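Remarks on the overall topology
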Amino acid sequence: MQLLETHIAKKQEKSIRFQEYGVGIFNTVSTKSAIKKAIKKELIFIDGILATTSKFISGGEKIKLYQSEKNSSFKRLKLDLEVLYEDDFLAIINKPAGVLVSGNKFVTITNALPQNLQKSTQKDAVKPQPIHRLDYPTSGLLLVGKTSSAIQRLSLLFKKKQIQKTYYAITIGSMCDAAIIHFKVNNKNASTKFKVLQSVKSERFKYLNLVELQPKTGRKHQLRKHLSSIGHQILGDTIYGKSDLILKGKGLYLHASKLEFEHPITSENIIIFKEFPKKFTRIFKHIKTN
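So, a few notes on the structure that sits alongside this text. (Residues numbered from 1 in each chain as written. Predicted model: local features only at pLDDT ≥ 70, side-chain atom pairs only at ≥ 80, totals over all residues. Heavy atoms only, no water.)

For the rest of this paragraph, the subject is a positive patch on the surface. Positive charge collects at one region of the surface, where Lys-37, Lys-41, Arg-133 and Lys-220 lie side by side. On the secondary structure map, Lys-220 appears in the loop between strand S14 (206-215) and helix H5 (222-229). Judged by relative accessible area, which is 59%, Lys-220 ranks as exposed. (Patch = residues over 30% accessible without salt bridge, like charges linked within 9 Å, V, L, I, M, F, W, Y side chains within 5 Å. Areas by Shrake-Rupley, 256 points an atom, 1.4 Å probe, with all protein chains shown as cover. Salt bridge = Lys/Arg side-chain N within 4 Å of Asp/Glu carboxyl O. Lys, Arg positive; Asp, Glu negative; His and termini not counted. Charge placed at Lys NZ, Arg CZ, Asp CG, Glu CD. Helix = DSSP H or I, 4+ residues; strand = E, 2+ residues; numbered from the N terminus. Buried < 20%, exposed > 50% of the residue type's maximum accessible area, 1.4 Å probe, protein only.)

Encoded structure:
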């Protein structure tokens with residue numbers, strides 16, 4: 001293995017797990033998920049000992065990041081992404097449906113980012129990293145960090161629930177106008193606020209609804225599970241939908257349409273909206289949102 005980077009841990013008032021401390025300390029591995037992946041691949045050593053997710057950092061530890069020989073050759077992914085906002089610190093892109101954000105596959109948003117974004121000129125510039133996830137079949141806005149400090153601060157904004165995400169879905173069945181769903185996901189408390197904007201009659205599904213969704217927590221598959229739990233599955237959901245109501249071949253009708261937050265570096269109020277995919281407008285010809 002080849003040594004990539006060395007970091008001396010800063011003094012901590014209270015010991016912190018390495019997988020939390022490690023976010024942003026390396027230029028090449030900067031997110032929490034990337035740190036966990038590097039630990040799993042046995043690429044990080046702390047004071048000469050293989051790092052673990054349970055290791056605590058107090059300060060003064062010498063942390064070394066290595067590169068696996070298997071990853072020494074890099075193939076560039078050619079995948080054009082729509083960039084809706086970009087500066088020297090962060091970017092917001094439109095994720096196509098049917099593409100993984102990250103993972104062991106070659107075709108991922110993460111692998112496509114360097115070819116679609118301008119390189120940051122900041123001293124702590126890193127390989128662009130997604131700050132959050134969108135499901136494989138979900139389209140829409142994805143927030144990306146371009147520097148270590150931006151990644152750390154954006155991650156903190158998510159943790160403090162200071163980044164507002166708005167999704168839109170097409171659901172099945174006659175729904176009430178608005179409500180908040182409280183339903184545990186993966187044994188953790190989860191809540192989603194929803195509002196029905198429009199409804200149309202459907203020969204097969206009786207009613208289809210255009211629904212605005214604002215998740216108050218960020219659990220895996222939360223929106224899909226929540227809507228299914230109240231009997232109004234998202235159109236095209238092949239995992240959480242009833243088999244006789246599944247629409248095949250059109251994908252999932254779930255779109256991350258709006259991001260709103262305070263820029264962690266410039267303090268600018270960022271509001272980005274991405275219009276609906278064509279498959280939405282084929283059902284709802286004249287979509288009105290607030």
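This paragraph deals with the layout of surface pockets. By volume, the second largest pocket is sized at about 230 Å³. When residues of the lining of the second largest pocket are traced back to their parent elements, those giving at least two are helix H1 (18-21) and helix H4 (148-159). Across the lining of the second largest pocket, the residue classes break down as four nonpolar, five polar and two charged. (1 Å grid on protein atoms, 1.4 Å probe; cavity = no way out; pocket = protein on both sides within 12 Å on 5 of 7 lines; lining within 4 Å. Points joined across faces, edges and corners; volume = space filled by probe spheres on them. Nonpolar A, V, L, I, M, F, W, Y, C, P; charged D, E, K, R; others polar.)

This part takes up the packing of aromatic side chains. Applying the stated criterion to the full structure yields five aromatic pairs. Plain terms: the ring middles of Phe-45 and Tyr-66 are 5.6 Å apart, the flat faces sit at 80 degrees to each other, and that makes the pair edge-to-face. Of this pair, Phe-45 sits in strand S3 (residues 44-46) while Tyr-66 sits in strand S6 (residues 62-67), placing them 21 residues apart in sequence. The class of Phe-45 is partly exposed, set by a relative accessible area of 22%. Aromatic rings pair up to connect Tyr-168, Tyr-253, Phe-273, Phe-276 and Phe-280 into one cluster. (Phe/Tyr/Trp six-rings, centres within 6.5 Å; stacked < 30°, edge-to-face > 60°.)

Our next topic: the nonpolar core. Ile-93, Ile-170, Leu-213, Leu-235 and Leu-254 are the most contacted members of the largest nonpolar core, which has 39 residues in total. Every element with two or more residues in this core is listed here: strand S8 (90-95), helix H3 (109-116), strand S10 (139-147), strand S11 (164-172), strand S13 (191-202), S14, H5 and strand S15 (254-262). Among the elements that line this core, the one with the most residues is S11, at five residues. The residues touching Leu-254, leaving out its near neighbours within four places in the chain, are Thr-138, Ser-139, Tyr-167, Tyr-168, Ala-169, Leu-213, Leu-223, Arg-224, Ile-234 and Phe-280. (Core = buried A, V, L, I, M, F, W, Y, C linked by side-chain atoms within 4.5 Å. Contact = heavy atoms within 4.5 Å.)

Note that strand S7 (residues 82-86) and S8 share four bridges and pair antiparallel. Its bridge partner lying in S8, Val-83 is registered against Ile-93. Linking S7 to S8, which pair antiparallel, is a turn of three residues. (Pairing = 2+ DSSP bridges.)

With that settled, the discussion passes to H3. Among the eight residues in H3, six count as buried, and that is most of the element. Taken together, the buried positions of H3 are Ile-109, Thr-110, Asn-111, Ala-112, Leu-113 and Asn-116. Looking at the packing, one finds that the buried side of H3 touches S7, S8, strand S9 (125-130) and S10.

Bringing the side chain of Ser-139 into the picture now. Along the chain, the position of Ser-139 falls in strand S10. Overall, Ser-139 belongs to the buried group, its relative accessible area being 10%. Ser-139 has contacts with Lys-95, Pro-96, Ala-97, Leu-134, Leu-254, His-255, Ala-256 and Pro-277, leaving out every residue within four places of it along the chain.

Glancing now at the sheet that holds S3. Spatially, four strands are ordered S1-S6-S3-S4 in an open sheet, and the strand pairing comes out antiparallel. In this open sheet, the two strands that pair with only one neighbour each are strand S1 (2-8) and strand S4 (49-50). Relative to S6, S1 runs antiparallel, the two being bridged by six bridges. For Gln-2, the partnering residue across the bridge sits in S6 and is Gln-67.

To continue, consider the pattern of salt bridges. Inspection of the entire model under this criterion finds six salt bridges. In this structure, the salt-bridge partner of Arg-224 is Asp-135, at a minimum N-O distance of 3.3 Å. Taken together, the residues span a long stretch of sequence, with Arg-224 in helix H5 and Asp-135 in the loop between S9 and S10 at a distance of 89 residues. Owing to a relative accessible area of 4%, Arg-224 belongs among the buried residues under this scheme.

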